Amino acid sequence: MSDFPHTPPKMSWTFSNDVNAEIRRAAATGIYDIRGGGSKRRLPHFDDLLFLGASISRYPLEGYREKCATDVWLGTRFAKNPIHLDIPITIAGMSFGALSGPAKEALGRGASAAGTSTTTGDGGMTEEERGHSKSLVYQYLPSRYGMNPDDLRRADAIEVVVGQGAKPGGGGMLLGQKISDRVANMRNLPKGIDQRSACRHPDWTGPDDLEIKILEIREITNWEKPIYIKIGGARPYYDTALAVKAGADVVVLDGMQGGTAATQDVFIENVGMPILACIPLAVKALQDLGMHRKVQLIVSGGIRTGADVAKAMALGADAVAIGTAALIALGDNDPALEAEYNKLGTTAGAYDDWHEGRDPAGITTQNPELAARFDPVLGGRRLKNYLKVMTLEAQTIARACGKNHLHNLEPEDLCALTIEGAAMAGVPLAGTNWIPGRNGGF
Amino acid sequence: MQTFDLSKDGLRALNSSLHALKGQTNMTAWEVINPKGAHAIAAGVDAPVEITVRGSTGYYCAGMNKQASIFIKGSAGPGVAENMMSGKVVIDGDASQYAGATGRGGLLVIKGNASSRCGISMKGIEIVVHGNIGHMSCFMAQSGSVVVLGDAGEALGDSLYEARLFVRGKVKSLGADCIEKEMRPEHYALLEDLLRRGEADHKAKPEQFRRYGSARKLYNFNIDNAAAY
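Here, residues in each chain are numbered from 1, in the same order as that chain's written sequence. Starting at A for chains and at 1 for ligands, labels are handed out in the order in which the entities are written. The predicted nature of this model means local features are confined to residues of pLDDT at least 70 and side-chain atom pairs, given and counted, to a pLDDT of 80 or more, with totals for whole chains, interfaces and linings taken over all residues.

Moving on: the sheet that holds strand β11 (residues 227-232) of chain A. The strands making up a sheet are joined through hydrogen bonds of the backbone, oriented either antiparallel or parallel. Residue and element names in this part refer to chain A. Paired strands, as defined in this entry, are two strands with at least two bridges between them according to DSSP. Each helix corresponds to a stretch of at least 4 residues labelled H or I by DSSP, and each strand to a stretch of at least 2 residues labelled E; elements are numbered beginning at the N terminus. Pairing is parallel across the open sheet formed by 8 strands, whose spatial order is β5-β15-β14-β12-β11-β8-β7-β6. Each edge of the open sheet carries a strand with a single partner, namely β5 (89-91) and β6 (117-119). Pairwise comparison of adjacent strand axes, ignoring direction, gives a mean angle of 30 degrees for this sheet. In the packing of helix α7 (residues 236-246) onto the sheet, contacts are made with β11 and β12 (250-254), and the angle to β11 comes to roughly 160 degrees. Together, β12 and β14 (296-300) form the strand contacts of helix α9 (residues 275-288), whose direction differs from that of β14 by roughly 175 degrees. Working convention: axes come from line fits to C-alpha atoms, limited for helices to the stretch in contact. Angles between N-to-C directions cover 0 to 180 degrees. Contact between residues is assigned whenever the C-beta positions, reconstructed from backbone atoms, fall within 7 Å.

Structure follows, in structure tokens:
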């Protein structure tokens, strides 16, 4: 070796260890990586926003003394029976099949105790969930697994799923390991096969058809139920406008941080937009149509705290939905199970092979022994606690901004820490009056 | 016979009246006049009644039907009898696309032709088409039976699961994982029954049909099948 200094080994940013590992994995297995959850990228998010709080020009409300309301009405446009929730944090659609029966029961228990709704998923309505959910939203999906008019009429609202944030333009997937006898029976499929849910609805294409489809659903349910339309964060301005045109009572908008039971990693990480970028466009569409607050907007994708709730609502949402966070509240990815996660080749916090059905927490599984580990009563209590804490957090912020209802939060209460956040949220960069992109179109 | 003038009294009143029928109602015979292509006619009925629609219908006529026998004396628009649970729907004319989509039970008889995607994603319904069916019919069909007296368009039974397809005429092409299968005695018996109930036994005999079903090669992902995806 020469005594001269030489260039130390230099890793490539483009070909990082993670990238190289995936190339090797693909070469060895011949299949793309499939996983659960939403995007794991560092994305522009609510963390890029701050509330300004009260000052001389704004006066705050007294915490614990002055009222800050949190309730929300959903479905006031056309439905005879709109839903009234005590808190604006709903539980997003997650299927029986992806989740165990006890986990679905816990979601119903927790949501009902906290005064909010839960949502079925791509596997039909289970008795566990219907029985324990005061307000249950029934998803109407392309697969139509388990779809029937009796469950439509037993639902409190119906959500026509066009897309979801983890995979706008993609269908569902439930691998054979999770197709138990009960799941197979509910979906009219052979046991043990890989089940693909279609990416498009089988009997309508485009907004004109969708309007007629909604008419049919309203006729079948005697115009009683609110009709939601769920869209992934792809083209939120136009999709929101078209959903309104098609007759939606509620638009559910899911950003790319929103989770899925199982999809290709390449899809999750490369298709769709973060929820921060989606909300202002959807709100603008509603405002342009004169329908803001008339057609309610529920947003989801990476909602974790009361601060996230407050920020989403300040940007114009009427409510939010949580999925991944609800699973964590139930006990998913708990470090107490670290030894078992290690046996699966992962670690608590990173476990995302939900499609394999080997979840040691007993939540994302159809294995009876694993599912039996999960206590739905305790799970429901944990979810209720978490929802209550989020609500208190959002109220704390709203009072500090002088608002006596979470719906009174507004973009003027916000500033952004990053240029990206400012541009996407349409609020000024902190310490400036600069909103990138304003006066220049979007 | 209850006669309902749709052009006069409107869709909401019709469906409200039909939904109000429960159990052993005495009002078992209904006639809908002046349908004029309206959508969602007799959608969501759940009673053992007979409904005759005198004319052609728009989208989703007889959608999610349970128990009722619905006769369309004309042609049907897209999605006729979609997600039917039980009962019977008989169309004298042609049916547009998605006929019987996702149907879980009951019998759909189309005396004319059916357009594309007939029986898409079907889950137990029985469909008898006296004429031809269009492209991509029975896509991702899960269970149930389809009988076609005429020809089938391109990509019949693409990504088929366990539905049974019987075609008397030509099949332009089969979709991914759909193959011709042997006709065994139980299939002849099934066909004979379906032709009789589908009011087609005077037009065709079971031995004139070929059977198509799933090769079951796409049931579990295999990279070596990637060209089929």
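The interface is formed by 37 residues belonging to chain B together with 21 residues belonging to chain A. When residues of the side of chain B that touches chain A are traced back to their parent elements, those giving at least two are α2 (11-19) and β7 (123-129) of chain B. For the side of chain B that touches chain A, the element with the most residues is α2 of chain B, which contributes 4 residues. Within the side of chain B that touches chain A, the residues separate by chemical class into 16 nonpolar, 14 polar and 7 charged. When residue character is reported, Ala, Val, Leu, Ile, Met, Phe, Trp, Tyr, Cys and Pro are called nonpolar, Asp, Glu, Lys and Arg charged, and the others, Gly included, polar.

What follows covers helix α3 (residues 185-197) of chain B. For an α-helix, the turn length of 3.6 residues means that residues three or four places apart are oriented alike. All names here are of chain B. Every helix has an expected span of 1.5 Å times one less than the residues it contains. Helix length check: α3, at 13 residues, gives a terminal C-alpha distance of 19 Å against a target of 18 Å (1.5 Å per residue), a fit within 8%. Residue burial is a threshold on neighbouring C-beta atoms within 10 Å of the residue's own C-beta, all placed from the backbone, with 20 or more meaning buried, 12 or fewer meaning exposed, and counts in between meaning partly exposed. Those residues of α3 that sit buried are L191, L194 and L195. One side of α3 carries all its buried residues, which in axial view fall inside an arc of 100 degrees. The exposed residues of α3 that point more than 90 degrees off its buried face are P185, E186, A189 and R196. Contacts from the buried residues of α3 go to β7, β8 (143-148) and β9 (164-167). Once α3 ends, the next one or two residues include E199, with phi positive near 60 degrees. The directions from the helix axis to the C-beta atoms form the arc being described.

Residue and element names in this part refer to chain B. Within the open sheet, the 11 strands sit side by side as β1-β2-β3-β4-β5-β6-β7-β8-β9-β11-β10. Their pairing is mixed. The open sheet has two edge strands, β1 (2-5) and β10 (178-181), and neither has a second partner. Here the average twist between neighbouring strands, direction ignored, is 15 degrees. Relative to β8, β7 runs parallel, the two sharing 5 bridges. Counted as the bridge partner of V128 is V147 from β8. The strands that α3 touches are β6 (107-110), β7, β8, β9 and β11 (210-214); relative to β8, the one it contacts most, it runs at about 70 degrees.

In this section: the packing of α7 of chain A against α9 of chain A. Residue and element names in this part refer to chain A. Contact geometry for α7 and α9: axes closest at 8 Å, N-to-C directions at 40 degrees. By the angle class used here, α7 and α9 are oblique. When the axes of α7 and α9 are compared, the crossing they make is right-handed. Contacts from P236, Y237, T240, A241 and V244 of α7 reach α9 at C278, L281, A282, K284, A285 and L286. Residue classes in the contact of α7 with α9 are distributed as 9 nonpolar, 1 polar and 1 charged. Our angle categories are set so that under 35 degrees counts as roughly parallel, over 145 as roughly antiparallel, 65 to 115 as roughly perpendicular, and the remainder as oblique. Crossing handedness follows the turn of the near helix against the far one: under a right angle anticlockwise gives a left-handed crossing, and clockwise gives a right-handed one.

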